[in-house]
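Here is what each chain is made of, one letter per residue.
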Amino acid sequence: MNAGMPAEDLTGRLLVASPSLKDPNFERSVVLLIAHEPSGALGVVLNRATEVQVEDVLDGWHDFAAQPSVVFEGGPVQPEAAICLARVRPGTSPDGFSRVEGVVGTVDLSASPEGFNGSLDRLRVFAGYAGWDADQLETEIEQGAWLVLDALPGDAFVPQPDDLWSMVLRRQGGMLAALAFYPADPQLN
């Protein structure tokens, strides 16, 4: 790794919290990295649903919201800020959409929702985000806090987000799949 340069661009990949990560902000979390640059990284936690309905905070976007159509806790940084992830229909690239990976990207919520008719498959709204300074994420990965895994286009929009951590681990096979059954409190095992 060159000083200040990530070994590889992890944008669009998943960070899956290892069972040893006990930070309450990230325990058993799955984070989709939206940006990974020499200056740091930014992502959203995909499996922390709130009870706040999308329609209660954003006019016009509810029809596109994946179920459950609630706002998610994207992370501990700037919880008053909203980030919207969306999946577009193949072959479309509407104005106000910034591609992260494949058909998944972010949507500019200041744009009119009507401008996305026919191009958005679904979306999810996140309050706040997870952020890392330069080299911080790489250090956490080296220390074993995070597993870096490939994302599927539907990961950010699963209907049962509480199951995402174990679901992502199980589909890896082998020893990683076994981690999906790691008890939340090993002392109770």
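These figures come from a predicted structure and were not determined experimentally.

Here we look at the confidence of the model for the protein chain
Then step 1. The share of residues in the protein chain with pLDDT of 70 or more is 93%, and the mean pLDDT across the chain is 92.
Then step 2. Across residues 1-6, confidence stays below pLDDT 50; counting only partners more than four residues off in sequence or on other chains, it has 12 contacts.

Comments concerning the packing of aromatic side chains
Then step 1. A complete count under the given rule lists six aromatic pairs for this structure.
Then step 2. On the numbers, 5.5 Å between centres and 75° between planes, the contact of Phe26 with Trp146 is edge-to-face. On the criterion of sequence distance, the pair formed by Phe26 in the loop between strand 1 (14-17) and strand 2 (30-37) and Trp146 in strand 10 (residues 146-149) is long-range, its members being 120 residues apart.
Then step 3. Note on Trp146: relative accessible area 4%, which makes it buried.
Then step 4. Taking the centre distance of 6.1 Å and the plane angle of 85° together, the rings of Trp132 and Trp146 count as edge-to-face.

Some points on the pattern of salt bridges
Then step 1. Summed over all chains, the structure comprises seven salt bridges.
Then step 2. Residues Asp155 and Arg171 are paired through a salt bridge, measuring 2.6 Å at the closest nitrogen-oxygen approach. Note that Asp155 is positioned in the loop between strand 10 and helix 3 (164-170) and Arg171 in the loop between helix 3 and helix 4 (174-179), a separation of 16 residues in sequence.

Details of the pairing of strand 6 (residues 77-88)
Then step 1. Sheet topology note: the strand 6/strand 9 (residues 120-133) ladder contains eight bridges and is antiparallel. What sits directly across from Ile83, in strand 9, is Phe126.
Then step 2. Pairing between strand 6 and strand 8 (residues 104-107): three bridges, direction antiparallel. Looking across to strand 8, one finds that Ala86 is bridged to Gly105.

The rules behind each value
- Sequence positions are assigned chain by chain, starting from 1 and proceeding in written order.
- Where totals are concerned, whole chains, interfaces and linings use all residues; where local detail is concerned, this predicted model gives features only for residues with pLDDT of at least 70, and gives and counts side-chain atom pairs only at 80 or more.
- Excluded from the side-chain calculation are hydrogens and water; included are all heavy atoms of the structure.
- A residue's pLDDT is the confidence the predictor assigns to it, expressed on a 0 to 100 scale.
- Only heavy atoms matter for contacts: two residues are in contact if any of them lie within 4.5 Å across the pair.
- Paired rings are identified among Phe, Tyr and Trp, the last through its six-membered ring, by centres lying within 6.5 Å, and are further divided according to the angle between planes into stacked (under 30 degrees), edge-to-face (over 60) and tilted (the rest).
- Strands here mean DSSP runs of E at least two residues long; helices mean DSSP runs of H or I at least four residues long; both are numbered from the N terminus.
- Summary of the burial criterion: residues with accessible area below 20% of their type's maximum are buried, those above 50% are exposed, and those between are partly exposed, where the area comes from a 1.4 Å probe applied to protein chains only.
- We define a salt bridge as a contact between a side-chain nitrogen of Lys or Arg and a carboxyl oxygen of Asp or Glu at a distance within 4 Å.
- What makes two strands pair is DSSP finding at least two bridges between them.

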